[in-house]
Amino acid sequence: MREMEEMILSEGEVLPGGILKVGSFLNQQIDTGFLRDMGREIARLYRESGVTKVLTIEASGIAIAAAAAMELGVPMLFAKKHKTSNVDGSVYSTEVHSFTHGTDYTVVVSRDYLLPTDRVLLVDDFLANGAALRGLIALTRQAGAVLVGAAIAIEKAFQHGGDTLRDEGVRVESLAVIESMENGMIAFRR
Ligand code: 5GP
């Protein structure tokens, strides 16, 4: 998506440790017109896939997941990071390693909302090593739902999470794929 690349070049800030800051349009302030365009592009890519639910992780995936779900006309569901009691077995749960914080956390989603009959599209803002997506894939598998694929706003290919998942047969579509970010210079895969 050419507009995403342009947005990254004009608004993105390369931080130490391979982190891209996009707080001005995606991660803190949200450019709502552009959010709608992102939702439309994701819906275009997955229109024929019979998606019944869009799944993301709180908090930064929620806006883009909602935009995509709105365009596809299906519910959006987000996995929660806060520990929810599972004494009654009412949630699916898995561990995720956070790339940005360097810690592990538990994500949970209610069994009431993720169903064996669902065809699930995963959406997130960033794809780096792939831990967040793998957490969502684990939840989808626990539910016995069908994984349709993933749609990501910004993939950092130099961390290889996306290509590893593609090699495993997962459909991964990214609106922009950053090949390298060395010395503040951003290069895209086209
Ligand atoms: P992964 O689990 O694929 O290693 O990393 C993806 C998650 O980490 C995303 O949910 C995103 O919130 C966060 N993340 C990874 N890299 C970046 C980055 O460069 N910038 C920002 N803002 N978030 C990132």
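As the structure is a prediction and not an experimental result, all values here were calculated from the model.

Every one of the 17 residues lining the ligand counts as a neighbour, but Leu20, Ala128, Asn129, Gly130 and Lys156 are closest to it. For the ligand, a nitrogen atom lies 2.8 Å from a polar atom in the backbone of Leu20. In the model, an oxygen atom of the ligand is placed 2.7 Å from a nitrogen or oxygen of the Gly130 main chain. For the ligand, the protein covers 88% of the area, taking 500 Å² as the surface of the free molecule. Given that more than half its atoms are within 2 Å of the pocket grid, the ligand belongs to the largest pocket. Broken down by secondary-structure element, the contributors of at least two residues to the shell around the ligand are strand E2 (19-21), strand E7 (119-127) and helix H5 (131-143).

Within a sheet, each strand pairs with its neighbour through backbone hydrogen bonds, oriented either parallel or antiparallel. Spatial ordering of the open sheet is given by E4-E3-E7-E8-E9-E10, a layout of six strands whose pairing is mixed. With partners counted over all chains shown, the strands left at the sheet margins are strand E4 (76-79) and strand E10 (187-188), one partner each. Bridge count between strand E3 (residues 53-57) and E7: three bridges; the pairing is parallel. Pairing of Leu55 across the sheet is with Leu122, part of E7. Taken strand by strand, helix H3 (residues 32-46) contacts E7, strand E8 (146-156) and strand E9 (172-180), and its axis lies near 115° from that of E9. Set on the sheet, H5 makes contact with E3, E4, E7 and E8; between it and E7 the angle comes to about 165°.

A separate point is the layout of surface pockets. Here the largest pocket is characterised by a volume of approximately 660 Å³. Lining the largest pocket are 33 residues, with Ser60, Ser98, Thr100, Asp125 and Phe126 sitting closest to its centre. Elements with a minimum of two residues in the lining of the largest pocket: E2, helix H2 (23-27), strand E5 (91-97), E7 and H5. A per-element tally of the lining of the largest pocket places E7 first, with four residues.

Parameters and conventions
Residues numbered from 1 in each chain as written. Predicted model: local features only at pLDDT ≥ 70, side-chain atom pairs only at ≥ 80, totals over all residues. Heavy atoms only, no water. Near = heavy atom within 4 Å. Polar contact = N/O pair within 3.5 Å; in protein donor to acceptor, adjacent residues only side chain to side chain. Areas by Shrake-Rupley, 256 points an atom, 1.4 Å probe, with all protein chains shown as cover. 1 Å grid on protein atoms, 1.4 Å probe; cavity = no way out; pocket = protein on both sides within 12 Å on 5 of 7 lines; lining within 4 Å. Sits in = over half its atoms within 2 Å of the grid points. Helix = DSSP H or I, 4+ residues; strand = E, 2+ residues; numbered from the N terminus. Pairing = 2+ DSSP bridges. Contact = heavy atoms within 4.5 Å. Axes fitted to C-alpha atoms, helices over the stretch in contact; angles between N-to-C directions. Points joined across faces, edges and corners; volume = space filled by probe spheres on them.

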